[in-house]
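Examination of the molecular architecture
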Amino acid sequence: MYRQIFRRIEEKYLITKEQHDFLLKKIDNFIEKDEYFESTICNIYFDSASNDLLIRSIDKPLYKMKIRLRSYGIPRKKDDVFLEIKLKYKDIVGKRRIKLKLGDFYNYMNKGIYDSNNQIMKEVNYFFQYYNLQPSYYLAYDRKSYKGIKESQLRITFDRNLRSRKEDLKLELGDAGKKYFKEDTYIMEIKTLDSIPLWLARILSELKIFPISFSKIGNVYRRDCIIC
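Residues numbered from 1 in each chain as written. Predicted model: local features only at pLDDT ≥ 70, side-chain atom pairs only at ≥ 80, totals over all residues. Heavy atoms only, no water.

Describing helix α5 (residues 198-206)
Because an α-helix completes one turn every 3.6 residues, residues spaced three or four positions apart along the sequence face the same direction. Regarding α5, the residues found buried are W199, L200, I203 and L204. The buried side chains of α5 occupy one side of the element, clustering within an arc of 130° when seen end-on. Among the exposed residues of α5, those oriented more than 90 degrees off its buried face are L198 and R202. Of the residues flanking the end of α5, it is K208, one or two places downstream, whose phi is positive at about 55°. (Buried < 20%, exposed > 50% of the residue type's maximum accessible area, 1.4 Å probe, protein only. Helix = DSSP H or I, 4+ residues; strand = E, 2+ residues; numbered from the N terminus. Arc of directions from axis to C-beta.)

Here it is, written out as structure tokens:
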């Protein structure tokens, strides 16, 4: 059972492999593997022809929005994917998403066919029409996911091999792309409905691991603009 709507606090950290390995040893007694422990997450991000959503996002406004199509692994047209609206206001992240078959998504994109009785799909359609959204970027990364043993709402993820491309913007065309980091760097995300547990805050402070502002798609876009 997946949630269609949720909100939470998310903190991001960039850490080395050495920090990753040491941190896992320190928090081993507090966490366990999530139900879907290992996955390759594949995303298509949508934007206007002038990249309005991306440009607004990297300006760090109080409120920003992203729209993406996500799969776990490389899907076929008969497989499930998730169409998501990701909203952020200050430090609070909200998601509204709908699960559908990849083939049904193409029916929507190419023929305008969708379930008009689904409120989230109606919202998605509004934004697609308002911004004239088209595929803009492909992003993929390899993730390992953990959850708190006692704190059921705590989730810690480690993403590596962040890669992207601006062509072949279809999930079924594989997960190849240009790597963002030259070295083995992990993007750690701590996600919780409330504050970070005290035991975790103490360990992060001890290891001098501090949160940063890092948007995967925003930083990839900024890098490509510099290169251009």
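Considering the packing of helix α1 (residues 17-27) against α5
Closest axis-to-axis distance for the α1/α5 pair is 11 Å, and the angle between their directions is 145°. Between α1 and α5 the crossing geometry is right-handed. Counted together, L23, K26 and I27 of α1 and W199, L200, I203, L204 and E206 of α5 form the full contact between these two elements. Its residues placed into classes, the contact of α1 with α5 shows 6 nonpolar, no polar and 2 charged. (Axes fitted to C-alpha atoms, helices over the stretch in contact; angles between N-to-C directions. Left-handed = near helix turned anticlockwise from the far one by under 90°. Contact = heavy atoms within 4.5 Å. Nonpolar A, V, L, I, M, F, W, Y, C, P; charged D, E, K, R; others polar.)

Overview of the side chain of S48
Structurally, S48 can be placed in the loop between β2 (31-47) and α2 (52-58). Among the residues examined, S48 registers a relative accessible area of 8% and is labelled buried. A polar atom in the side chain of S48 sits 2.8 Å from the side chain of D52. Here S48 is in contact with Y131, N132 and L133, once residues within four sequence places are set aside. (Polar contact = N/O pair within 3.5 Å; in protein donor to acceptor, adjacent residues only side chain to side chain.)

Quick word on the nonpolar core
By size, the foremost hydrophobic cluster in this structure holds 25 residues, and its most contacted members are F46, I67, L69, L83 and F105. By residue number, the principal contributor to this core is helix α4 (residues 119-131), which donates 5 residues. Leaving out residues up to four positions away in the same chain, F105 has contacts with F46, L69, L83 and L100. Counting residues in hydrophobic clusters, the runner-up holds 20 residues, among them L154, M188, I203 and I209. (Core = buried A, V, L, I, M, F, W, Y, C linked by side-chain atoms within 4.5 Å.)

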